[in-house]
Amino acid sequence: MTKAKRGSDCLENGDENGHQDAKVAKVGSNGENGAGEGNFEGDLRFTSLAMEKAAGLRQRIFELPFLQELVKGTLSKDIFKTYLIQDALYLREYSKVLALLAAKAPTPELTMQMASSANKCLIVEGSLHHKFLDSFGVTAEEAKEAEGSLACHAYISFLLSNGHGKAYEVAFASVLPCFTIYNEVGKWIKGKFPDGVDDSHPFKDWIETYGGEDFEKATNKTAEIADSFAEKASPAVRREMETAFLQAVRLEWMFWDSPYTGQSWPVSLDGTLASNAAAKVEEEVERTREGVRRFKEKGKKEVPTLE
């Protein structure tokens, strides 16, 4: 993916006051077995505690067939193409979330940082995704016109809702998993190829965009800002930050899972039912008809029918 690439190019160094010397909890430093191997134990900073509480969700992400098959090279290219399109849609909207955080930032330094992040995220990620989309025969126009999945729509709506309606600290905590989870996923994937990705691997170019020191630094800088906010926040706001973080991690899981399971809207904008939804509706109708028939057999004639 290149949400990993996003992190290194989208975030400038420095905390919310422009400082660069704060010590930050290392986030996402897991090994090859997935979640639970980061050095969070005993660390009372917000990001470390939140990642610890999200351990179950994080492990579920590593277990997803999408990631397992991506690493093995057995993932369907159609599924991967769907993922790329959805990720491109997500990133376009995610840049707006970062722009919103820039507009509402409590300091001029953080405003500049988040505005730069939004701009670079949109430009860098857009060009990178178009490169990969082109290789799968998807034009920029097709990607632009594609409809966001339920998971994509839910994730962006959640981020925008928090950005507009919640305390700034909570809104910031909402965007943090996009960094910490992808940092962790990237390190896990890179750990599967200690000698580099073989040229025959169908997703070699994509896998090589993961991880890297620049992204880890960007992730830790983002965590530093969140930790600083949490340290000064009231207990109630800190609890909201934690809830927002966990919900975002859950949405990360949904986003990864969606292309593989073929999740789609149950009904289109023109009213057409998706095949699986149509089948369920037909089952319900048939059950209702069967109930009507049984009622009639018992002599209750004045029962409305669906005939």
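Everything quoted here is computed from the prediction, not taken from an experiment.

Quick word on the overall build of the protein chain
Phase 1 of the analysis: Tallying secondary structure elements over the protein chain gives 14 helices and zero strands in all.
Phase 2 of the analysis: Overall, the protein chain shows an N-to-C arrangement of helices and strands of α-α-α-α-α-α-α-α-α-α-α-α-α-α.
Phase 3 of the analysis: Going through the 307 residues of the protein chain one by one, you find that 46% of them count as buried.
Phase 4 of the analysis: The long-range share in the protein chain, meaning contacts at least 24 apart out of those at least 6 apart in sequence, stands at 78%.
Phase 5 of the analysis: As presented, the protein chain carries roughly 15100 Å² of accessible surface, and 52% of it is formed by carbon and sulfur atoms.

Observations regarding the nonpolar core
Phase 1 of the analysis: In terms of nonpolar packing, the biggest core is built from 76 residues, with Tyr90, Ile189 and Trp256 touching the most fellow members.
Phase 2 of the analysis: The biggest single contributor to this core is helix 5 (residues 77–104), with 14 residues.

A closer look at the state of the cysteines
Phase 1 of the analysis: With the rule as written, the count across this model stands at zero disulfides.
Phase 2 of the analysis: Cys121 provides the cysteine sulfur closest to Cys178, a residue in no disulfide bond, and the two sulfurs are 7.7 Å apart.
Phase 3 of the analysis: A residue is classified by how much of its surface remains accessible, and Cys178, at 1% relative accessible area, is buried.

Regarding helix 13 (residues 235–261)
Phase 1 of the analysis: With 27 residues, helix 13 should cover 39 Å at 1.5 Å per step; its first-to-last C-alpha distance of 39 Å lies within 8% of that length.
Phase 2 of the analysis: With its phi angle positive at about 70 degrees, Gly262 sits one or two positions after the end of helix 13.

Quick notes on the pattern of salt bridges
Phase 1 of the analysis: Tallying each qualifying case throughout the model produces nine salt bridges.
Phase 2 of the analysis: The shortest N-O distance in the salt bridge between Lys204 and Asp199 comes to 3.7 Å.
Phase 3 of the analysis: A salt bridge links Glu224 to Lys221; the nearest nitrogen and oxygen atoms lie 3.8 Å apart. Here the residue Glu224 and the residue Lys221 both occupy positions in helix 12 (residues 213–232), the gap between them amounting to three residues, near one helical turn.

Considerations on helix 3 (residues 55–63)
Phase 1 of the analysis: Turning to helix 3, its buried residues number three or more, namely Arg58, Ile61 and Phe62. Taken around the axis of helix 3, the buried residues stretch over an arc of 95 degrees, which confines them to a single face.
Phase 2 of the analysis: Taken together, the buried residues of helix 3 touch helix 2 (46–53), helix 4 (65–72), helix 10 (177–191) and helix 13.

Considering the confidence of the model for the protein chain
Atomic detail in the predicted coordinates should be set aside for any region of low pLDDT.
Phase 1 of the analysis: Averaged over the protein chain, the pLDDT score is 82; the fraction of residues at 70 or greater is 77%.
Phase 2 of the analysis: The secondary structure element of the protein chain with the lowest average pLDDT is helix 1 (residues 3–10), at 50, and the one with the highest is helix 9 (residues 168–175), at 98.

Comments concerning the packing of aromatic side chains
Phase 1 of the analysis: For the structure shown, the criterion picks out 19 aromatic pairs.
Phase 2 of the analysis: Arranged with centres 4.7 Å apart and planes meeting at 50 degrees, the rings of Phe80 and Phe203 form a pair that is tilted. With Phe80 in helix 5 and Phe203 in the loop between helix 10 and helix 11 (204–207), this pair connects stretches of sequence that are 123 residues apart. Each member of the pair, Phe80 as well as Phe203, carries the same accessibility label: buried.
Phase 3 of the analysis: Taking 5.4 Å as the distance between ring centres and 5 degrees as the angle between the ring planes, the aromatic pair formed by Tyr83 and Trp256 counts as stacked. Taken together, the residues span a long stretch of sequence, with Tyr83 in helix 5 and Trp256 in helix 13 at a distance of 173 residues.

Thresholds, definitions, all that
Residues numbered from 1 in each chain as written. Predicted model: local features only at pLDDT ≥ 70, side-chain atom pairs only at ≥ 80, totals over all residues. Heavy atoms only, no water. Helix = DSSP H or I, 4+ residues; strand = E, 2+ residues; numbered from the N terminus. Buried < 20%, exposed > 50% of the residue type's maximum accessible area, 1.4 Å probe, protein only. Contact = heavy atoms within 4.5 Å. Areas by Shrake-Rupley, 256 points an atom, 1.4 Å probe, with all protein chains shown as cover. Core = buried A, V, L, I, M, F, W, Y, C linked by side-chain atoms within 4.5 Å. Disulfide = S-S within 2.5 Å. Expected span 1.5 Å × (residues − 1). Salt bridge = Lys/Arg side-chain N within 4 Å of Asp/Glu carboxyl O. Arc of directions from axis to C-beta. pLDDT = per-residue confidence, 0-100. Phe/Tyr/Trp six-rings, centres within 6.5 Å; stacked < 30°, edge-to-face > 60°.

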